[in-house]
Amino acid sequence: MSRIGKQPVTVPAGVDVKIDGHKVTVKGAKGELVREFHPMLTIAQEGNEILVTRPDDTREARSLHGLTRTLIHNMVVGVSEGYSKKLVLVGVGYRAALKGKNLEMQLGFSHPVVVEPPEGIEFEVPSQTEIIVKGVSKEKVGQVAADVRKWRAPEPYKGKGIRYDGEHVRRKLGKAAKGD
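Residues numbered from 1 in each chain as written. Predicted model: local features only at pLDDT ≥ 70, side-chain atom pairs only at ≥ 80, totals over all residues. Heavy atoms only, no water.

**Q** For this particular structure, what's the right way to read the overall build of the chain?
**A** Each helix and strand counted, the chain has 2 helices and 13 strands in total. The globule rule puts the C-alpha radius of gyration for 180 residues at 16 Å, and the 21 Å found for the chain is more than 25% above it. Counting only C-alpha atoms and orienting by the principal axes, one finds that the chain spans roughly 65 × 50 × 25 Å. Counting every position in the chain, which comprises 180 residues, the buried fraction comes to 33%. For the chain, long-range pairs separated by at least 24 residues make up 50% of all intrachain contacts whose partners lie at least 6 apart in sequence. Entry remark: accessible area of the chain is about 11,200 Å², with carbon and sulfur atoms responsible for 49%. (Helix = DSSP H or I, 4+ residues; strand = E, 2+ residues; numbered from the N terminus. Rg over C-alpha atoms; globule rule 2.2 N^0.38 Å. Buried < 20%, exposed > 50% of the residue type's maximum accessible area, 1.4 Å probe, protein only. Contact = heavy atoms within 4.5 Å. Areas by Shrake-Rupley, 256 points an atom, 1.4 Å probe, with all protein chains shown as cover.)

**Q** Is there a simple way to explain the nonpolar core in this structure?
**A** If you look at the biggest cluster of nonpolar residues, it comprises 20 residues, and the most contacted ones within it are Leu103, Met105, Phe123, Ile131, Val133 and Val148. Of all the secondary-structure elements, those providing two or more residues to this core are strand S7 (83-90), strand S9 (102-106), strand S10 (113-115), strand S11 (121-127), strand S12 (130-135) and helix H2 (138-150). When residues of this core are assigned to their parent elements, the largest contribution, 4 residues, is made by H2. What Val148 contacts, discounting residues up to four positions off in sequence, is Leu87, Leu103, Met105, Val115, Phe123, Ile131 and Ile162. Within the second largest apolar cluster, 19 residues are counted, among which are Val17, Leu64, Met75 and Val76. (Core = buried A, V, L, I, M, F, W, Y, C linked by side-chain atoms within 4.5 Å.)

**Q** What should I look at first to understand the side chain of Arg54 in this one?
**A** As for its placement among the helices and strands, Arg54 is situated in the loop between strand S6 (49-53) and helix H1 (59-80). The buried category is assigned to Arg54, whose relative accessible area is 13%. Reaching out from Arg54, the side chain makes a polar contact with the backbone oxygen of Asp56 at a distance of 3.3 Å. (Polar contact = N/O pair within 3.5 Å; in protein donor to acceptor, adjacent residues only side chain to side chain.)

All quantities given are derived from atomic positions and should not be read as evidence of function.
Below is the structure:
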């Protein structure tokens, strides 16, 4: 049995969960998320807990069991607390600023890079070299952060680029430092 799948999802106060067959709607202080799940699994709410059960022990049912429970948990946490990812700009002249809701970055190109936030995502720029991506959907926050990082992924020789906060960039020796 899936160890994650059999754990119930606790619904905190202030979060409203509506289960309509295989469609789950979660509303909270930060927003609303809707997701449709595989019809093989049964999703039920008992009091302030959500239980996910599977019909049998087939490979597909086992793999979907833990996934479904985790996705519902992420929805509940997202609408109650929200998710955020912090990015750090490393490099001479690399900086970020907010222009309205859009993120404008100077990344060594001949022009500034403007990133428009998708629906449900907002940017924060506490300093010129830090970007915080916030939202209710863990999936969207991670994807937008990855898309911003793609503009200048950290390179291994000087370490310049956009990194996640706490990310370790493995450095390489240049051709001048020969290892004889």
